[in-house]
Amino acid sequence: MVDLEKAPPARSPEGEPVPRAGGEGCLVVAVRLPVRIVALVLVLPVRMAWDALVVAGRFLRDTVLRPVGRALAWLGRALFVWPLVGLWRYVVVPVAKGVGWLANVLLVVPAVWVYRWVLTPVGRALAWCCAGVGAVLTALGRGLYAGLAWLARYLVVVPAGWLYAWVLTPIGHLLAWCGRGLARCGRGVLWCLGKVVTGIGAVLYWTVRILLVLPALAVWRWVLAPVGRALAVVGRELLDALGHAWRIAGHLSRAVGRALAALFRWTVAEPARWVYRSVLTPVGHAVRDTVLRPLAEAARAAGRAGRQALRSARLSVRQARADLRRTLFGEPERPPSVDRREPSGAKARTLGSSTTALTKD
């Protein structure tokens, strides 16, 4: 049984009640039981329909979808995977090996020979020539660089240093002194503007605070927060009620399902099992022993007789064909038989004659 009443408060080891998080007030107690009853009434049909759909889905999966899926998987392997594997193993791989061997013989080996005996000597000769030309150009470049550096030093660097020391430096000092004066004036102006902007900002701040922030804070603190807490309590109780209703509906749905399963078993399955065991099985055994087995024996005997007749006819046809061949073409010549024991017999006779000669002597 599932308890719909409020659970007793938890107590500490000393016997004092332990306060719950987010304390429960009279609104929670007044709302909980009616909400849970209404939720149970609304959720029970949904849960029973859901359990029925789950059972139907499992039955459909085990009896239809899984065999069809296995058949489709085997068909896919037979139509796509195995032909592609055979094509890859017996066509693509041998052709690729042959093409690779031809490419190695026709391209790689000649290219290696050309690189080793033609391009490498030519490249070394060109490198030696380029090294000599580079040495000559390096010597010319160093001389030209030294000349240009001397001209640049006495035509550009020395005049530029004199111009910087005697013209640009005094002008820069003068401009720096003028800039410092202007900076002091700008700081004074900015200080005055900062004071003015600070005063205006303070006035705007207090205006916005008094006209907008304080009323909004009061509305939040005294209106929205209490309403939100009440709505949170109601929503939490609704969620708890739906959870309890779903679990209770599950127990009820399981009980109804078991009752329907028992009814189906005792009204359909058990009578069908009894009929199968007590009626159909003896009748089937009797039909098998009195009808099917004699028919099978007769069919096997007829098959054996037919096979023997076919064997006799085949032997007769073969004998007639052999007689016709002998009549038309004569008896075929047979090679003379060779007695493999003759050498051993001759050897024995030779040994016997030698033994006789020795005894006579």
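Residues numbered from 1 in each chain as written. Predicted model: local features only at pLDDT ≥ 70, side-chain atom pairs only at ≥ 80, totals over all residues. Heavy atoms only, no water.

1. A few points about the pattern of salt bridges
One pass over the structure, following the stated rule, counts 7 salt bridges. Residue D62 pairs with R61 through a salt bridge whose shortest N-O separation is 3.2 Å. The class of D62 is partly exposed, set by a relative accessible area of 40%. The partner of R273 in a salt bridge is E270, with the nearest N and O atoms 3.5 Å apart. Taken together, the residues R273 and E270, both in helix α1 (residues 26-329) and 3 residues apart, mark about one turn of the helix. (Salt bridge = Lys/Arg side-chain N within 4 Å of Asp/Glu carboxyl O. Buried < 20%, exposed > 50% of the residue type's maximum accessible area, 1.4 Å probe, protein only. Helix = DSSP H or I, 4+ residues; strand = E, 2+ residues; numbered from the N terminus.)

2. Quick look at a positive patch on the surface
A cluster of basic residues, R304, R307, R311, R314, R318, R321 and R325, forms a positive patch at the surface. By secondary structure assignment, the location of R311 is in helix α1. Here R311 falls in the partly exposed class, since its relative accessible area comes to 44%. (Patch = residues over 30% accessible without salt bridge, like charges linked within 9 Å, V, L, I, M, F, W, Y side chains within 5 Å. Areas by Shrake-Rupley, 256 points an atom, 1.4 Å probe, with all protein chains shown as cover. Lys, Arg positive; Asp, Glu negative; His and termini not counted. Charge placed at Lys NZ, Arg CZ, Asp CG, Glu CD.)

3. Overview of the layout of surface pockets
Empty space within the largest pocket amounts to approximately 290 Å³. Every residue lining the largest pocket is listed: R47, M48, D51, A52, V55, G250, S253, R254, V256, G257, R258 and L260. A class-by-class count of the residues in the lining of the largest pocket yields 5 nonpolar, 3 polar and 4 charged. (1 Å grid on protein atoms, 1.4 Å probe; cavity = no way out; pocket = protein on both sides within 12 Å on 5 of 7 lines; lining within 4 Å. Points joined across faces, edges and corners; volume = space filled by probe spheres on them. Nonpolar A, V, L, I, M, F, W, Y, C, P; charged D, E, K, R; others polar.)

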